[in-house]
Amino acid sequence: MPENTAADSNVLKVHDLRPARGSKKSRTRVGRGEASKGKTAGRGTKGTKARYQVRAGFEGGQLPLYMRLPKLRGFKNPFRVEYSPVNLTKLGEMFPEGGTVSADDLIAKGAARKGRPVKVLGSGEISVAVAVKAHAFSASAEDKIKAAGGSTEQLPLKAASKQA
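The model shown is predicted, which means the values in this text are computed figures rather than measured ones.

Cut-offs and rules
- Residues numbered from 1 in each chain as written.
- Predicted model: local features only at pLDDT ≥ 70, side-chain atom pairs only at ≥ 80, totals over all residues.
- Heavy atoms only, no water.
- Helix = DSSP H or I, 4+ residues; strand = E, 2+ residues; numbered from the N terminus.
- Rg over C-alpha atoms; globule rule 2.2 N^0.38 Å.
- Buried < 20%, exposed > 50% of the residue type's maximum accessible area, 1.4 Å probe, protein only.
- Contact = heavy atoms within 4.5 Å.
- Core = buried A, V, L, I, M, F, W, Y, C linked by side-chain atoms within 4.5 Å.
- Phe/Tyr/Trp six-rings, centres within 6.5 Å; stacked < 30°, edge-to-face > 60°.
- Lys NZ or Arg CZ within 6 Å of the ring centre and 35° of its normal.
- Salt bridge = Lys/Arg side-chain N within 4 Å of Asp/Glu carboxyl O.
- UniProt positions renumbered as here; feature names shortened; annotations may be inferred.

1. Notes on the overall build of the chain
Summing up its helical and strand segments, the chain has seven helices and six strands in all. Going residue by residue from the N terminus, the α and β elements of the chain occur as α-α-α-β-α-β-α-β-β-β-α-β-α. Taken over the C-alpha trace, the chain has a radius of gyration of 39 Å; the compact-globule value for 164 residues is 15 Å, which it surpasses by more than 25%. Dimensions of the chain, computed from C-alpha atoms along their principal axes, come out at roughly 100 × 70 × 25 Å. Across the 164 residues that make up the chain, the buried fraction comes to 21%. Long-range pairs, those at least 24 residues apart, make up 44% of the contacts in the chain between residues at least 6 apart in sequence.

2. Quick look at the nonpolar core
Counting 21 residues, the largest nonpolar core has Leu91, Leu106, Val120 and Val132 as the members making the most contacts within it. Secondary-structure elements contributing two or more residues to this core are helix H4 (88-94), helix H5 (103-108), strand S3 (118-121), strand S4 (130-134) and helix H6 (139-147). Residues in contact with valine 120, not counting those within four places in the same chain, are Val86, Leu88, Leu91, Val132, Ala134, Ala136, Phe137, Ser138, Ala141 and Ile145.

3. A closer look at the packing of aromatic side chains
Pairs of aromatic rings are described using the distance from one ring centre to the other and the angle between the two planes. Counting across every chain of the model gives zero aromatic pairs. Its guanidinium or amino end placed over the ring of tyrosine 83, lysine 119 lies 5.6 Å from that ring's centre, counting from NZ or CZ.

4. Focus: the pattern of salt bridges
If you walk through the whole model with that rule in mind, you get five salt bridges. The shortest N-O distance in the salt bridge between arginine 68 and glutamate 59 comes to 3.4 Å. A relative accessible area of 42% means that arginine 68 is categorised as partly exposed. Exposure remark for glutamate 59: the relative accessible area of 30% places this residue in the partly exposed category. Here glutamate 82 ties to arginine 80 by a salt bridge, and the two come within 2.9 Å at their closest N and O atoms. Members of the salt-bridge network, linked through shared partners, are Arg80, Glu82 and Arg116.

5. Here we look at the UniProt feature "domain: Large ribosomal subunit protein uL15/eL18" (unreviewed entry) in the chain
As recorded in UniProt, the feature "domain: Large ribosomal subunit protein uL15/eL18" (unreviewed entry) lies at residues 85-152. Helix makes up 32% of residues 85-152 and strand 29%, and the two end C-alpha atoms of the span are 15 Å apart.

6. Focus: the environment of threonine 48
Relative to the helices and strands, threonine 48 resides in helix H2 (residues 48-51). Sequence-wise, threonine 48 and glycine 60 are 12 residues apart; in three dimensions their C-alpha atoms are separated by 8.6 Å.

Printed below as a string of structure tokens:
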């Protein structure tokens, strides 16, 4: 084995590394007696916060925000069916030549949302004969489609929820 040379003895090694003297300072342990930051222990003098921890949301005796706000009221039906509405005016614009219109056609053209059942509403007029297949119709929409020479067919609701 070769002997250690002068160059090898000046090499810095990981196990020799130490922090600079005075750079590491032990933390102050507060509240441990008069001599070592005892007494108020960094909490100041008097007052609620000096004596004990105040719970979150406590407003010093003022009526707290959670009690000032109104309570949640009412009932939200978990079985509510949210339809994607399509008006007759839109049907007339998108299908000016008439023909058969299904819920999938309306979704493909962007008139209805995918994953929601389609409901045709009676807002506006329609002059062409269309055979509409949708999940629901308003009474006025059904009357106006039949008056224009078209027909309506109601699709089952479960088919719409499976598309999502």
